[in-house]
Amino acid sequence: PIGPVHLQYPGLGAICRHLSIDYAPALVGFEVQGGRMVPKIDGVVVCEEFETTVVSAYLERETAKQEALARRRRREARAGWLQVLQALRTRLQLATDYEGAGGAALTEAEQARRQAAAERKRQRAAEVAAVKQRLVAEYGAEGELGNDDGQQPAPAGGQGGRAQPPAGLDVDVGDVDVEEI
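In this text, all values refer to a predicted model and were calculated from it rather than measured experimentally.

Reading guide: rules and limits
Residues numbered from 1 in each chain as written. Predicted model: local features only at pLDDT ≥ 70, side-chain atom pairs only at ≥ 80, totals over all residues. Heavy atoms only, no water. Helix = DSSP H or I, 4+ residues; strand = E, 2+ residues; numbered from the N terminus. Buried < 20%, exposed > 50% of the residue type's maximum accessible area, 1.4 Å probe, protein only. Contact = heavy atoms within 4.5 Å. Areas by Shrake-Rupley, 256 points an atom, 1.4 Å probe, with all protein chains shown as cover. Phe/Tyr/Trp six-rings, centres within 6.5 Å; stacked < 30°, edge-to-face > 60°. Pairing = 2+ DSSP bridges. Axes fitted to C-alpha atoms, helices over the stretch in contact; angles between N-to-C directions. Salt bridge = Lys/Arg side-chain N within 4 Å of Asp/Glu carboxyl O. Patch = residues over 30% accessible without salt bridge, like charges linked within 9 Å, V, L, I, M, F, W, Y side chains within 5 Å. Expected span 1.5 Å × (residues − 1).

1. Structural notes on the overall build of the protein
Phase 1: Counting secondary structure elements, the protein contains 4 helices and 3 strands.
Phase 2: Starting at the N terminus and ending at the C terminus, the protein contains elements arranged as β-α-β-β-α-α-α.
Phase 3: Counting all 181 residues of the protein, 9% fall into the buried class.
Phase 4: At a minimum sequence separation of 6, the contacts of the protein that also span at least 24 residues come to 42%.
Phase 5: Working note: accessible area of the protein is about 14800 Å², and carbon and sulfur atoms make up 54% of it.

2. Description of the packing of aromatic side chains
Phase 1: Taken as a whole, this structure holds 1 aromatic pair when the rule is applied.
Phase 2: Centroid distance Tyr9 to Tyr58: 4.7 Å. Interplanar angle 25 degrees. Geometry classified as stacked. Of this pair, Tyr9 sits in the loop between β1 (4-7) and α1 (12-19) while Tyr58 is found in helix α2 (residues 51-98), placing the two residues 49 residues apart along the sequence.
Phase 3: Tyr9 gets classed as partly exposed once you look at its relative accessible area, which sits at 36%.

3. Topic: the sheet that holds strand β2 (residues 24-33)
Phase 1: Within the open sheet, the 3 strands sit side by side as β1-β3-β2. Their pairing is antiparallel. For this open sheet the edge positions go to β1 and β2, each flanked by a neighbour on one side alone. Averaged over all pairs of adjacent strands, the angle between their axes in this sheet comes to 40 degrees, without regard to strand direction.
Phase 2: Both β2 and strand β3 (residues 36-47) contribute to a ladder of 8 bridges, which runs antiparallel. Note on β3: the bridge partner recorded for Ala24 is Val45.

4. Focus: unusual backbone geometry
Working note: non-glycine residues mostly have negative phi, and peptide bonds are mostly trans.
Phase 1: Positive phi outside glycine occurs at Ser20, with the angle close to 60 degrees.
Phase 2: Here Ser20 lies in the loop between α1 and β2.

5. Some details on the pattern of salt bridges
Phase 1: Per the stated rule, a full pass over the model turns up 5 salt bridges.
Phase 2: Among the ionic pairs, Glu62 bridges to Arg61, the shortest N-O distance being 3.5 Å.
Phase 3: Judged by its relative accessible area of 26%, Arg61 is partly exposed.
Phase 4: In this structure, the salt-bridge partner of Arg124 is Glu127, at a minimum N-O distance of 3.7 Å. Separated by 3 residues within a single helix, Arg124 and Glu127 lie in helix α3 (residues 108-139), roughly one turn from each other.
Phase 5: Overall, the relative accessible area of 53% leaves Arg124 in the exposed class.
Phase 6: With a relative accessible area of 44%, Glu127 lands in the partly exposed category.
Phase 7: Linked by salt bridges that have partners in common, Arg61, Glu62 and Lys65 make up one network.

6. Focus on a nonpolar patch on the surface
Phase 1: Together, Leu27, Phe30, Val32, Met37 and Ile41 line one region of the surface with nonpolar side chains, adding up to about 550 Å² of accessible area.
Phase 2: Sorting the residues of the nonpolar patch by element identifies β2 and β3 as the ones contributing at least two each.
Phase 3: Broken down by element, the nonpolar patch gets its largest block of residues, 3 residues, from β2.
Phase 4: Along the chain, the position of Met37 falls in strand β3.

7. Quick look at α2
Phase 1: For α2, with 48 residues, the first-to-last C-alpha span of 70 Å sits near the 70 Å given by 1.5 Å per residue.
Phase 2: Residues of α2 that are buried: Val54, Val55, Ala57 and Tyr58.
Phase 3: Elements in contact with the buried residues of α2: β1 and α1.

The quantities given are spatial measurements derived from coordinates; they are silent on function.
Shown next as structure tokens:
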């Protein structure tokens, strides 16, 4: 018809309703969806006299949307940076509270815990030394135990590594070396 204008912007129907402007959805064809023919609506049709009003309202709405999106992104970015700064401030506070020159300035509870652990370690070392002394006194010199030099004690019988049968057995061992077994 004479006088109408086809405007193809998304959401123009809501703008026309808001401005109380008569409009009609623009039917531009048909398409097949799910085996059925459905109308294809693209934009609206309004009178020429309202074209500039509708387009300017649309542009204002899009500008407002973009500004709101930018504000939201700035707000989210600021919140992210504040979170990073708070984490850094907390880390620095912990570092100054618990680290000092030449080591750590520990709380009294932490110092007591570390001292108790060191005392337990000293007691365990003393117990091991006492057991070792008892074993040396009972079984001979430390070298014979094989603990310090990494070697096994010499076999009984003093034959230099040759296996000896138990007393009372008539077995010929021959030249079998203990390390070969």
